[in-house]
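Observations on the model geometry
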Amino acid sequence: MPRRALRHARPLTAAAAVLTALASLAACGSDNPPSASSSGNATGSPIACNGSGQLLGAGSTAQANAIDIWKSVFGSACPSITVTYGGGGSGAGVQQFNQGKVAFAGSDAPLKPAEVEASKQVCTGGAGIDLPMVAGLISISYNVDGVDRLVLDGPTVAEIFNGRITTWNDPAIAALNPGVTLPSAPIQAVHRSDDSGTTANLTAYLAATSNGAWPYAPGKTWPAKSGQSANGSAGVAAQVKQVKNSIGYIELSYAQTNGLRSAAISTGAPSPVDATAANAATTFAHAAIPGTESDLALTLDYATKEPGAYPIVLVTYEIVCDKGNKAATLDALKSFLTYTISSPAQQAIGAKGYVPLPQEVTSRVQAVIPTLS
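Below or above, wherever it landed, is the structure these notes cover. Think of each chain on its own: its residues are numbered from 1, step by step along the sequence as written. Per-residue local features are limited, in this predicted model, to residues with pLDDT of at least 70; the limit for side-chain atom pairs, both in listing and counting, is 80 or more; totals at the level of whole chains, interfaces and linings are taken over all residues. Values shown for side chains rest on all heavy atoms present in the structure; no hydrogens or waters enter the calculation.

Points about the packing of aromatic side chains
Let me state the cut-off plainly: Only the six-membered ring of Trp is used, alongside the rings of Phe and Tyr, when aromatic pairs are assigned; centres must lie within 6.5 Å, and planes under 30 degrees apart are stacked while those over 60 apart are edge-to-face, with the rest tilted. Every helix listed is a DSSP run of H or I at least four residues long, and every strand listed is a run of E at least two residues long, numbered separately from the N terminus. Relative accessibility under 20% of the residue-type maximum defines a buried residue, over 50% an exposed one, and the middle range a partly exposed one, all with a 1.4 Å probe and only protein chains included.
Going through the model one piece at a time under the given rule, you end up with nine aromatic pairs. Seen from their ring centres, Phe-74 and Tyr-339 are 6.2 Å apart, and the 25° between their planes marks the pair as stacked. Taken together, the residues span a long stretch of sequence, with Phe-74 in helix H2 (residues 64-77) and Tyr-339 in helix H11 (residues 327-340) at a distance of 265 residues. For Phe-74, a relative accessible area of 1% gives the class buried. For Tyr-339, a relative accessible area of 2% translates into the label buried. Each ring, one from Trp-222 and one from Tyr-249, has its centre 5.6 Å from the other, and the planes form 25°; the classification is stacked. With Trp-222 in the loop between helix H7 (197-209) and strand E10 (228-230) and Tyr-249 in strand E11 (residues 246-251), this residue pair connects regions lying 27 residues apart in the sequence.

Dropping the structure here:
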C-alpha cells in the first residue's frame, strides 16, 4: 500500500492548551470511552480494562521512560494485562512488528512505503499505521567543564558530528558563545550505533538547517564515519556522562536523568532557544497533521524560526495494524493505547521531560483506536 498522502494538512492551533498543561500538571478527566470493566488511575480517571494476557511491544528507546510510567499505572489498574516493552531502537521495533513478533512497535519515524508494504504480511486485510503517542525533544547534550550554557546552530552541530569541527574552541563555536571560555580540548562526539528514529529526526534537522554542511540524507542509520558510537539513548547518555569534553544527542528525559546540560539552539529567531518541553510544545503546536485517514504521521518543521520554538523534536509512533491485529491481543492493545493517549497519561509523562501532545492530535488518535480490528 503506498504511503498515505498528508491531505488537508493544517497547522495545529493548540499551543496555549499544551503550554498550560506543561505549566500545571493538574489532573483532568480522561476521554476514554466507557467500559464494562474499568479502574481508576492516580488522577481518579477511569482506565478501560478489556482483554487479558501479555501485550508485547518493542522499538524506540526514546519512549522507554514514558512506557515505564504508563506500564506502572496501567498494570495497577488492569492486572489481567501484562505489558512488556523491549527497546532495541526504532529499526528493530519495526522489524519485529513486520515479523509478527510484537503487537505494537515504537518508532520515532513514520513507516516508509516499503515497511508499510511489508506489514501487509502480518496485518491480514490491512497494513501498519502510525499513531503519534509520545512527543519529545532531542537534547544536544554535552559534558564540558566550566561551560554552563552552550549555544549551537544547525551548521555547527552538523560539522561537529561530521568530524569537521574537532575542538571546543573552534571559531565557529566561539562566535556563537561570546564571553564563554571554551577549552582547546578535542571534541568527543557520540552517536547511536543502532538504527534509531532519534537519529532520523536529528539528521532531518541537520539536512534542513546546516546550509549544506550535512551531506547525508535523513535516516535511521548513522551515516558519518567520525565519532564514537553507543547503543540506545541510555548508552549515548552514559557515554557522554562518563567522557569529558563529549557531546551526543538524546531525548530530554535522558539528559535530565543523567544530569547532563543541553545546548541552546540558534534558529534565526531573536534569541537562542533552550531545550525545554515548553519550547518544544511551541514547535508541535505549529506542526501539520493529516486529513481523516487512520495513519496520523505528523509533518514537523525542523527549520522553524518561530520565537521560542525548539527545533530538534521527535514524535514516537505506536505502529499497529489498522486491520488484522491478532484477536488474542486486540482488546488489550486497544485498552492500553486508549489509556496512553488520555490526558492523565500525557500529563504524567510531561512531568518527566516529554511534551504532552496537543489536543487536536490526541483527539484524532482517540478516534482511530476504537476502529482497530
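Describing the state of the cysteines
Stated precisely, the cut-off is as follows: We call a pair of cysteine sulfur atoms a disulfide whenever their separation is within 2.5 Å.
In the structure shown here, the tally under the stated rule is two disulfides. Paired through a disulfide, Cys-49 and Cys-78 show a sulfur-sulfur distance of 2.0 Å. With the S-S bond torsion at -70°, the cross-link from Cys-49 to Cys-78 turns out left-handed. Here Cys-78 lies in the loop between H2 and strand E5 (81-88) and Cys-49 lies in the loop between strand E3 (46-48) and strand E4 (53-59), a separation of 29 residues in the sequence. Put simply, Cys-123 and Cys-321 are joined by a disulfide, and their sulfur atoms are 2.0 Å apart. The chirality of the disulfide connecting Cys-123 with Cys-321 is left-handed, given an S-S dihedral of about -70°. Taken as a pair, Cys-123 in the loop between helix H4 (113-119) and strand E7 (128-143) and Cys-321 in strand E15 (residues 313-321) lie far apart in primary sequence, 198 residues in all. Judged on exposure class, the residue Cys-123 and its partner Cys-321 are both buried. If one numbers only the bonded cysteines of the protein chain, in the order they occur, the disulfide pattern is 1-2, 3-4.

Read these as geometric descriptors, not functional statements.
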